[in-house]
Amino acid sequence: MEIRERTDGESVVVVELSGRLDAGSAQEAERRLTEAAGSARNVIVNLGGVEYISSAGLRSLLVVAKKVRQLNGVLGLCLLSKGVREVFDISGFSSIFTLYDSEEAAKENMK
Amino acid sequence: MKMRDQAKLNRLSGFLLFIRHAATAPDTALSEDNLHKVELAAEEILVNIIQYAYPDGAGEIEIECLPAEGGGLEVSFVDEGNPFDVLAKEDPDTSLPIDERAIGGLGIYLVKRLMDRVSYRRDSGKNVLTIVKNNI
């Protein structure tokens, strides 16, 4: 799993994940995303490069979402692949997260 | 095809690779989409066994892959841990809002939803969980 971060102004941090978000990588992703949530109020997670997500990955995203809410920020997820989207749909995550087609669309909603 | 290894998280990728080989064998030949689902179900089951089957320490997992009746792949996961029927657990409520959603509990639910058949049996001191993905 690769994790890259970019800040966009003072209030938005974009975290790009790629590879597999599974039992082997979920803890590291959770740690980095939680740090990102502490550094900027709003977090965009770009999942464009993630081809696989398991319940360990879902759990990490839920932990981060709860954290961002505590800090009164907004968490947006964008560019979900077909496989990831299917897992989101089954687990009900499509309705608890705000999903976007692009980073720009996510940013627009955070203004 | 059978394989056996320690129930440890660092052995997970070895188990998954074995299943991938079985799933792409000529007599099974799952589609990429179905293979992806089997791989996800297998990860959930293996992680569950690794985390809960052997609370006192070391143990092993055996997996057996067979061509499924009617086409597709059947995988059985065998452990010698405490008797535990994961299928008896209640499904999580996936309609709850974010603040009320519990952290975790989704793994076995995903297995049930993604596979065509899932069954559990206790057999001579072993837990045997079997999944089937048909080639449709």
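Attention here is on the structure that accompanies the text.

What follows covers unusual backbone geometry. Most peptide bonds are trans, and most residues other than glycine sit at a negative phi. The residue N72 of chain A is not glycine, and still its phi comes out positive at about 60°. With respect to the helices and strands, the residue N72 of chain A is situated in the loop between helix 2 (55–70) and strand 4 (75–78). Although it is not a glycine, S124 of chain B adopts a positive phi angle of roughly 40°. If you trace the backbone, S124 of chain B turns up in the loop between strand 4 (117–123) and strand 5 (126–134).

Let's shift gears to the packing of aromatic side chains. Residues and elements named next belong to chain A. Applying the stated criterion across every chain, the model contains three aromatic pairs over all chains. Between F88 and F93, the ring centres sit 5.8 Å apart and the planes meet at 85°, which makes this aromatic pair edge-to-face. Residue classification places F88 among the buried positions, given a relative accessible area of 0%. Judged by its relative accessible area of 1%, F93 falls in the buried class. Considering the side-chain rings of F88 and F97, the 6.0 Å spacing of their centres and the 55° angle between planes classify their relative orientation as tilted. Every member of this aromatic cluster is reached through a ring pair, and the members are F88, F93 and F97. Sitting over the ring of Y52, R20 keeps its end group 3.9 Å from the ring centre.

This next bit is on the pairing of strand 5 of chain B. Residue and element names in this part refer to chain B. Along strand 5, eight of the nine residues are buried, which leaves the element largely enclosed by surrounding structure. Where strand 3 (residues 72–79) lies against strand 5, eight bridges are found, and the strand directions are antiparallel. Across the sheet, the residue bridging to S76 is T130, located in strand 5. In sequence, strand 4 turns back onto strand 5 through a hairpin of two residues, with S124 there showing a positive phi of about 40°.

It is worth spelling out helix 1 (residues 12–23) of chain B at this point. Note on helix geometry: an α-helix contains 3.6 residues per turn, so any two residues three or four positions apart are oriented the same way. End to end, helix 1 of chain B covers 17 Å across 12 residues, agreeing with the expected 16 Å (1.5 Å per residue, within 8%). The elements touched by buried residues of helix 1 of chain B are strand 2 (12–21) of chain A together with strand 1 (2–6), helix 2 (32–52), strand 2 (60–67) and strand 3 of chain B.

Residues and elements named next belong to chain A. Mapped onto the elements, A40 comes out in the loop between helix 1 (26–39) and strand 3 (42–53). A relative accessible area of 7% means that A40 is categorised as buried. Sequence-distant contacts of A40, defined by excluding residues within four places in its chain, comprise E10, S11, V12 and V13.

The subject of this paragraph is the sheet that holds strand 2 of chain A. Within a beta sheet, neighbouring strands are joined by backbone hydrogen bonds and run either parallel or antiparallel to one another. Residues and elements named next belong to chain A. Taken together, the five strands give an open sheet; going across it, the order is 1-2-3-4-5, and neighbouring strands pair in mixed fashion. Of all strands in the sheet, those with a lone pairing partner are strand 1 (2–8) and strand 5 (98–100), marking the two edges. Averaged over neighbouring strand pairs, the angle between their axes works out to 25° when direction is ignored. In this sheet, strand 4 lies alongside strand 3 in parallel orientation, the contact comprising four bridges. By the bridge assignment for strand 4, V45 is matched with L77. Lying on the sheet, helix 3 (residues 82–91) is in contact with strand 3, strand 4 and strand 5; it crosses strand 3 at an angle near 110°.

This next bit is on the side chain of S25 of chain A. By secondary structure assignment, the location of S25 of chain A is in the loop between strand 2 and helix 1. Those residues in contact with S25 of chain A that lie beyond four places of it in its chain are M1 and R20 of chain A.

What counts, and at which threshold
Residues numbered from 1 in each chain as written. Chains lettered and ligands numbered in written order. Predicted model: local features only at pLDDT ≥ 70, side-chain atom pairs only at ≥ 80, totals over all residues. Heavy atoms only, no water. Helix = DSSP H or I, 4+ residues; strand = E, 2+ residues; numbered from the N terminus. Phe/Tyr/Trp six-rings, centres within 6.5 Å; stacked < 30°, edge-to-face > 60°. Buried < 20%, exposed > 50% of the residue type's maximum accessible area, 1.4 Å probe, protein only. Lys NZ or Arg CZ within 6 Å of the ring centre and 35° of its normal. Pairing = 2+ DSSP bridges. Expected span 1.5 Å × (residues − 1). Contact = heavy atoms within 4.5 Å. Axes fitted to C-alpha atoms, helices over the stretch in contact; angles between N-to-C directions.

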